[in-house]
Amino acid sequence: MTSSPCWMSEVMSVEMKEVSVSSAEPLRPAGILQQNRVFLDFFWDLANPDQEVRLQAVENLIQYLKTENKADELEYTFKRLVDGLAHTRETARPGFSLALGQVLSAFEDISLQSILDKIKEKHNLQAAKRKLARNAMFGNLFGVIALHQSGRLVKEPQVVLGCVQLLQCLIQHKQHLKDLPSKTMTDILTEIPEEVFEEVLLSALEADLASAFRTPEQMQLLLVALQHFPQALKPKKLKKLLDSSTIINTDNIPKLVEVLKMAAHSVKKERVLPSVALDLLKLSLKEDSFQLFWDKAITEGMFKEPSGPSHYLSYRLLGSALPLLSLSQLKEVLSGEVMMHYGEHVVSAQKPDRFKLAPEMDSYVSDFLQGCQDSDKHLVVMVSFSSLTNNGYPVVPTVWRVVQHLESAALRSYVDWLKGTFLQPQPDCMLDISTRKQKDKSKEQKESSIFRLRKWIIARLASIIDNHQVKKHEDLIMDVARFIFFHAFFSAKKATTSDIPETSENLSIPLDDETRGALVNSFFGLLMSLHHMPLIDDSRAVNQKRSVGVTADGTMWIYHLVQYAQLLLSHPKHVQSVQPFSAEQKQAWDGMLQSVANLKRKAKKGLTTQSAAFQQLFLLIGMLLFKAPDEVLDILKDLQNCIDKAQEKKTSKKKKQQAMEKEEPEWVEVMVDILLSLLSQQSRHIRQVCRTVFSSICPHVTAAALTAIVDVLDPDQEDEEDSAVVVTDDGNKTQKKLKDDDDEEQDEDMEHNESEDGSDEESEEEEKEMEEGEVDQNFRLELMKVLQQQNALATEEDASSDEDLDDEAMMQLDMSLSALFSEQKKKIQAKKNEKMKLQKERVLVRDFKIKVLDLVEVFVARQAGSPLILGLVEPLLNIIDRGMSSGSEQQEQDFLRRAADIFRNHLCRSKVYCRTAGDRQGELHDLLDKLMGKAQKLSDSSLCLYYFSASLYVVKVLRGAPATENKEESTADGATASVNNPKFMGNVDVDRVSSLFREALISFMSRRKSPLTSQMFTDLFTRFPVFCVNLLDTAVQHITSGLREHQQCQACVLVLRAMQSKDIQQLLSTYEWTQLCEKVSAQLVLSLGQVGQAESKVAKEKLVKTLELCQFVVKHIHQQKLFVDLEQLKKALQSLTSNVSFKKTGKLQDTYWAVMKHLGVMKPKVNKTKPNKDSEQEAAPKKIKGFLPETKKRKKCNKPVLEPAGEKSAPATKPGEQKGMAKKKQDKKTKQKRPADGSAASQTNPAKKSKTQPDRKAGKKKPKQKKGGEEI
């Protein structure tokens, strides 16, 4: 029932399972009424939209019926359940059907025939009204489903017959029930024994079985009957029913095709494979007629129509047939016409808004590979799909995830097939689906298809290694890597021994430059994958660190490949290099091998991490020697010299002095230059290796080396010519960003490329029109000159002349104009190319700088305590400053975000900082002056925050750490030092720095648009309490002298935060604290005197902060018993109530009375008296004066107002009397139509008495009322 609607899917979701009765909760004992209420609630829950509620209701109902065991309740249950089968709510029908089935299963003494009779009687289609006919259909259907779910149909054959006959009647109503009756009948057939079918159902189903070729449902019924009752439907019986002893034969093929087409169109929306198609396929295999069925019915019959549901059914049937076919049948099917049509579909579906069946086919292949253990079948399927090509390029993607389900033997065979196809491609053996234009291909196009095939094979081999889910061994990985490396850089002369198996097979068609370029890129991408590859069959614990990039013996993968390269170089008679090494390059290669060997020997003694990083760098540069020997040669030599000098300086100090005398650059400086030059390469592998190597040499980095890194990041040097990035004119090279790591780019569709090219042409035309819109004066002069030379330019003298140029002059003029415009077009194109080149160069430079930030991040993280870290403060701030004012390109934003993260999170908030800057006091104080001066001149608060954070960092460095902090764990903001000794300021010139921050505070309080914020000074006061003490007077002064109310409010906030600090209280003596309280109290009196009406939001906020400060000051004065006069403050606060209203702002009122409480003035209490009922009734008319709401009018408009005939008028205080005039007119009309027995109705519902209207005459006006409710 996969195609059933939502209510049917819910029925199948329970899968006709028995509901557990024992899991139901015991019911609590109750009275009769309560029991009836609980019993009836079960039926309400059966109609609940929530499936869990319905299932629980079924369990509880069965438990209740078994516990009570009352016949009347059981009878009532069957009545309610049978009625609920035709419920109007779709979600209720499955609940009642399931409940009926489970109750019948629990009470076997109830006859199924009686229930079937009740269903037929209750939901009789002939007697049902037209509006209820649809519900009656569903009632019958769900009734049969309930009988089937009871599991007792086998015991009562006559009920089975009755159910089948009822379903046969329901089949006619397809517009409502679709194919559900047929599927239900099929489900019943699958569970009854063959005797019951032969004795009871066969005669009833003969008509349906005989018309099996009419509809897919009847064909499905016949196929199910054949599958479960082969003895009852022998060939003789089939001959009698269908005029043929077999279903699949030559005569029946056209009928079967029509049935399959109808089935395909019936599941067009569901997009699934009809079960009748798969059953026919299984029957053809059973009758040994698969070849006839596949060739005639599928290949010829289903593909006569245009692309649509018939084709999709064939493709789905192809995928579903994979586990059912033998090896020979797989080979035949996967190389036939259906596969060709599938390839055409994949190619055509690449266009947007097209239905794509490829994901479904991938799932079919995945299921086949997981369920089948035959390696030969695996290989046939993989090879067949890989052989389906479009002009040489296979239609399946290079990164095909079904490969991860291959067995080891099948994977090895598949890799061997890929390698063999690469060496000796055979286009004739491929299923090529080229278009008509592509079929008329020349020799060049044939070579292009071979290149496309080889390009795909290279990417497929690399993707197999890159996918960690693929079950592969180390020998297979090494085999693929050696194959790609060999054909990327070498060629075979003659076959050798088993040392180099790649020379045993020659290329049938030589490799061109494009193929070798793809091989080279794929190889270095493969190196990246091997660098991150975990150990094969690694059995480490989950929480243990896993080794990556090494084999089982601990050797790096790249080292094995370098050894293989050395093996190839040592056999010049058998192997020839594509670019042979020169003597100098060979010497550099040998030196690299020697350096790696030395590093491996020293790694055994210690420093394995540092040694492994340098080995990785050496080996990677050595491999790059095959790709770009001229560019890498100098880098390799410098790297070897650096390693030699680094080792010499560790062993001998004399040589170090000699090097200093010769004024040679430090080895670490040369190493940094090497890393910077390597970072200009577009390779993530090189980027990660450089990061690892730099991390190992961070302790040895000098100021000059760090300056070299900073100079690259300097925004002011972007336009200089000596950039570390070399930008070539080759557009392909500049666009190959991370191409080594993105093999999926090779799977781009040709049509997609054409659309991109078209969009590029359109954009170029637009730019051309814009450029041509600008008048070029030189071009205008040249044009006028040409026209004057040919006498084609009209002047005033010959303006009236009617003479034209002859043909020869016109031809000459055309040639001159053509040459002129051609030259102008070249100039425009040259300008455009120059603009594109500059744009690409900017992209590459920015990408290079993002990589250089890796080195800065590593240095800040590893050497946060080095004095050199201070040299990064200004460069990083310059980068952030320039980045915030630069463009909004994504690359610019990424660069800015990365630099800001390094500065804020890694530098300023680092727990480790430089504590040995005592000899640089003057320099650091000057830097602090510069930073604070720059911060005050900015216009952006977000940028100012970075400068202020840098200033706090410099102060932290100047302060250093006290003796007690060296033994403790320091914090990011220096809080430990302030707690231990707040007065300690180390090398800080307190007076000078205090004056700097005082100027900043005054600027913040006196400027309208200051970039500074109160949070910045709060951080300053928290981290360095000494400066807080020095700035307190300034902050207190600005409580009243601030430029605006906002600044005065922030001054109150700063003073409050300062006075709340325990460090400030510890630094100030009792006398100083008393003086501070007096000053603050005096300022508060003046501030409160300035308060007006406080209507604006800023004024209210200022008043709230002022009162909070008052509360703290008064509270502490009383707690510490200080001699401070608070009378003036008290008077100012008492006079505040005359100017400010406390009704609207609750926080303001609460804070005010909290302050007054400390001053001895309590908030007046409001006496809340509980009013009596009479006063409530008298006050009621006040609350409901006026007209009733519109919602009330709509609710009451259609209800007649009933009033007892002999009853007195209602009291004037009742709500019914307070209605408006509009409602009154309507009431007059309803009074005339009042029924005679109104009194009886009023007595039965006394609640309506309060809403009745008093008995008045129609023309009498409503009497006026006093406030007390008395009539005037």
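Residues numbered from 1 in each chain as written. Predicted model: local features only at pLDDT ≥ 70, side-chain atom pairs only at ≥ 80, totals over all residues. Heavy atoms only, no water.

Is there a simple way to think about the sheet that holds strand E1 (residues 388-390) in this case?
Sheets are built from strands paired through backbone hydrogen bonds, the pairs being either parallel or antiparallel. Pairing in this open sheet of three strands is mixed, and the strands run E2-E1-E3 from one edge to the other. At either margin of the open sheet sits one strand with a lone partner, and together these are strand E2 (393-394) and strand E3 (431-432). Against the sheet, helix H19 (residues 337-348) makes contact with E1 and E3, and its axis sits at roughly 45° relative to E1, the strand it touches most. (Pairing = 2+ DSSP bridges. Helix = DSSP H or I, 4+ residues; strand = E, 2+ residues; numbered from the N terminus. Contact = heavy atoms within 4.5 Å. Axes fitted to C-alpha atoms, helices over the stretch in contact; angles between N-to-C directions.)

Got a minute to help me understand the pattern of salt bridges in this structure?
This model, assessed by the stated rule, comprises 32 salt bridges. With a closest N to O distance of 3.7 Å, Glu156 and Arg152 form a salt bridge. By the burial criterion, Glu156 is buried, and Arg152 matches it. We note a salt bridge from Glu305 to Lys261, for which the minimum N-O separation is 3.5 Å. (Salt bridge = Lys/Arg side-chain N within 4 Å of Asp/Glu carboxyl O. Buried < 20%, exposed > 50% of the residue type's maximum accessible area, 1.4 Å probe, protein only.)

What is the right way to look at helix H11 (residues 194-210) in this model?
Count 3.6 residues to each turn of an α-helix, and residues three or four apart come out pointing the same way. Taking 1.5 Å of rise per residue, the 17 residues of H11 would be expected to cover 24 Å, yet its terminal C-alpha atoms sit only 19 Å apart, more than 12% below that figure. At Leu201, H11 is deflected by roughly 65°, the largest bend along its length. Taken together, the buried positions of H11 are Val196, Phe197, Val200, Leu201, Leu202, Leu205, Asp208 and Leu209. Against helix H8 (157-170), helix H10 (180-189), helix H12 (216-228) and helix H13 (235-242) lie the buried residues of H11. (Expected span 1.5 Å × (residues − 1). Bend = angle between axes of the 7 residues up to and from the residue.)

Explain the packing of aromatic side chains here, please?
For any pair of aromatic rings, geometry is given as the distance between the ring centres together with the angle between the planes. The tally for this structure, following the rule as stated, stands at 36 aromatic pairs. Geometrically, the ring pair formed by Phe39 and Tyr64 is stacked, given 5.2 Å between the ring centres and 25° between the ring planes. Note that Phe39 is positioned in helix H2 (residues 32-46) and Tyr64 in helix H3 (residues 51-68), a separation of 25 residues in sequence. Residues Phe39 and Tyr64 agree in their burial class; the two are buried. On the numbers, 5.1 Å between centres and 45° between planes, the contact of Phe485 with Phe523 is tilted. Taken together, the positions of Phe485 in helix H25 (residues 474-489) and Phe523 in helix H26 (residues 513-531) put the pair 38 residues apart, joining distant regions of the chain. By relative accessible area, which is 0% here, Phe485 ends up buried. Using a relative accessible area of 0% as the deciding quantity, one classes Phe523 as buried. By way of ring pairs, the aromatic residues Phe485, Phe486, Phe489, Phe490, Phe523, Phe524, Tyr564, Phe581, Trp589 and Phe626 are connected into one cluster. Geometry around Phe422 places Arg454 over its ring, the cationic atom sitting 5.4 Å from the centre. Between the NZ or CZ atom of Lys627 and the centre of the ring of Phe524, over which it lies, the distance is 5.3 Å. (Phe/Tyr/Trp six-rings, centres within 6.5 Å; stacked < 30°, edge-to-face > 60°. Lys NZ or Arg CZ within 6 Å of the ring centre and 35° of its normal.)

Help me understand the confidence of the model for the chain in this model?
Regions with low pLDDT carry predicted coordinates that are not meant to be interpreted in detail. Confidence along the chain averages 79 in pLDDT terms, with 77% of residues attaining 70 or more. The model gives residues 721-773 a pLDDT under 50, and that stretch makes 59 contacts with residues more than four places away or in other chains. Confidence over residues 1178-1184 falls short of pLDDT 50; this stretch has seven contacts with residues more than four positions distant or in other chains. (pLDDT = per-residue confidence, 0-100.)

I tried to follow the packing of helix H47 (residues 1045-1060) against helix H50 (residues 1097-1120) on my own but got confused; where do I start?
The angle between the axes and the distance between the axes are what describe a pair of packed helices. Where H47 meets H50, the axes come as close as 9 Å, and the angle between the chain directions of the two elements is 25°. By the criterion of interaxial angle, the relationship of H47 to H50 is roughly parallel. Relative to H50, the crossing made by H47 is left-handed. Across from Glu1045, His1046, Gln1048, Cys1049, Cys1052, Val1053, Val1055, Leu1056, Met1059 and Gln1060 in H47, the residues of H50 making contact are Val1098, Ala1099, Glu1101, Lys1102, Lys1105, Thr1106, Glu1108, Leu1109, Phe1112 and Val1113. (Parallel < 35°, antiparallel > 145°, perpendicular 65-115°, else oblique. Left-handed = near helix turned anticlockwise from the far one by under 90°.)

How should a positive patch on the surface be read in this particular structure?
Together, Lys600, Arg601, Lys602 and Lys604 make up a region of like positive charge exposed at the surface. Counting through the fold element by element, Arg601 comes out in helix H28 (residues 583-603). Residue class for Arg601 comes out partly exposed when judged on its relative accessible area of 47%. (Patch = residues over 30% accessible without salt bridge, like charges linked within 9 Å, V, L, I, M, F, W, Y side chains within 5 Å. Areas by Shrake-Rupley, 256 points an atom, 1.4 Å probe, with all protein chains shown as cover. Lys, Arg positive; Asp, Glu negative; His and termini not counted. Charge placed at Lys NZ, Arg CZ, Asp CG, Glu CD.)

Help me understand the nonpolar core, please; the structure alone is not making it clear to me.
The nonpolar side chains of soluble globular proteins are, as a tendency, buried together. With 346 residues, the main nonpolar core has Ile247 and Phe694 as its most contacted residues. Looking at this core, the element that brings in the most residues is helix H42 (residues 941-959), giving 12 residues. Listed in part, the six residues of the second largest apolar core include Phe779, Val786, Leu813 and Leu817. (Core = buried A, V, L, I, M, F, W, Y, C linked by side-chain atoms within 4.5 Å.)

Is there a simple way to think about the packing of H10 against H12 in this case?
H12 packs onto H10 with a crossing angle of 5° between their chain directions and a minimal axis gap of 10 Å. As the angle between them shows, H10 and H12 are arranged roughly parallel. Of H12, the residues touching H10 (which contributes Ser182, Met185, Thr186 and Leu189) are Glu217, Gln220, Leu221 and Val224. For the contact of H10 with H12, the class distribution of residues is four nonpolar, three polar and one charged. (Nonpolar A, V, L, I, M, F, W, Y, C, P; charged D, E, K, R; others polar.)

Honestly, the side chain of His685 in this entry has me stumped. Any pointers?
Within the secondary structure, His685 sits in helix H33 (residues 684-697). Excluding residues within four positions of it along the chain, His685 makes contact with Leu527, Met528, His531, Gln616 and Leu620.

Please clarify how a negative patch on the surface should be interpreted in this entry.
On the surface, Asp630, Glu631, Asp634, Asp638 and Asp673 cluster together to form a negatively charged patch. Among the elements that take part in the negative patch, helix H30 (residues 629-651) stands out by supplying four residues, more than any other. Position of Asp638 among the secondary structure elements: in helix H30.

Teacher, can you tell me more about helix H14 (residues 253-266) here?
Its 14 residues place the ends of H14 20 Å apart at the C-alpha level, agreeing with the 20 Å of an ideal helix rising 1.5 Å per residue. Turning to H14, its buried residues are Ile253, Leu256, Val257, Val259, Leu260, Lys261, Ala263 and Ala264. Its buried side turned inward, H14 meets H12, helix H15 (275-286), helix H16 (290-302) and helix H17 (309-321).

Hey, could you run me through unusual backbone geometry in this one?
Apart from glycine, the bulk of residues carry a negative phi angle, and the bulk of peptide bonds sit in the trans form. Within the chain, Asp243 stands out as a residue other than glycine whose phi angle is a positive 65°. One non-glycine residue, Asp288, adopts positive backbone phi at about 60°. The topology assignment puts Asp288 in the loop between H15 and H16.

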